[in-house]
Amino acid sequence: METVQSTKHQEIISRTENFVRETLKADSTGHDWWHINRVRNVAVKLAQTEGADPFIVELAALLHD
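My aim in this report is to walk through the structure given alongside it, one point at a time.

Conventions we followed
Residues numbered from 1 in each chain as written. Predicted model: local features only at pLDDT ≥ 70, side-chain atom pairs only at ≥ 80, totals over all residues. Heavy atoms only, no water. Helix = DSSP H or I, 4+ residues; strand = E, 2+ residues; numbered from the N terminus. Buried < 20%, exposed > 50% of the residue type's maximum accessible area, 1.4 Å probe, protein only. Lys, Arg positive; Asp, Glu negative; His and termini not counted. Charge placed at Lys NZ, Arg CZ, Asp CG, Glu CD. Core = buried A, V, L, I, M, F, W, Y, C linked by side-chain atoms within 4.5 Å. Contact = heavy atoms within 4.5 Å. Salt bridge = Lys/Arg side-chain N within 4 Å of Asp/Glu carboxyl O.

It is worth spelling out the overall build of the protein at this point. When its secondary structure is counted, the protein shows three helices and zero strands. Taken from N to C terminus, the helices and strands of the protein fall in the order α-α-α. Overall, the protein is about 40 × 25 × 10 Å in size when its C-alpha atoms are taken along their principal axes. By the burial criterion, 25% of the 65 residues in the protein qualify as buried. Side chains of the protein give 7 positive and 10 negative charges; the mean places of these two sets differ by 4 Å.

Here we come to the nonpolar core. Membership of the largest hydrophobic core is limited to eight residues, which are Ile-13, Val-20, Leu-24, Trp-33, Ile-36, Phe-55, Leu-59 and Leu-62. Leaving out residues up to four positions away in the same chain, Ile-36 has contacts with Val-20, Leu-24, Ala-61, Leu-62, His-64 and Asp-65.

Attention now goes to the side chain of Thr-16. Mapped onto the secondary structure, Thr-16 falls in helix H1 (residues 2-24). The class of Thr-16 is buried, set by a relative accessible area of 11%. Contacts of Thr-16, omitting those with residues within four sequence positions, involve Leu-59, Leu-62 and Leu-63.

Two side chains with opposite charge may pair up if their charged atoms get near one another. Enumeration over the complete set of coordinates arrives at five salt bridges. Of the charged contacts in the structure, one is a salt bridge between Glu-17 and Arg-21, with a shortest N-O distance of 3.2 Å. With Glu-17 and Arg-21 both in helix H1 and four residues apart, this pair spans about one turn of that helix. Judged by relative accessible area, Glu-17 falls into the buried class, the value being 18%. Residue Arg-21 is classed as partly exposed on the basis of its relative accessible area, which comes to 37%. The shortest N-O distance in the salt bridge between Arg-40 and Glu-58 comes to 3.2 Å. On the criterion of sequence distance, the pair formed by Arg-40 in helix H2 (residues 33-50) and Glu-58 in helix H3 (residues 54-63) is long-range, its members being 18 residues apart. One salt-bridge network, held together by shared partners, links Glu-17, Arg-21, Arg-40 and Glu-58.

Pasting the structure below:
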């Protein structure tokens, strides 16, 4: 069951990443894909340190803007 859920989570993260990249590809306000990716990287590290749900944290970071 863990593998199925993990695979589903990976698919959701991948699809969300593609959506965010496409949506923000022309952003010039500083809230572009690279900003989102930096936030995601920090959020994932914090989630590991704090014992938070990594899927929820990564998804929230991707969609925060």
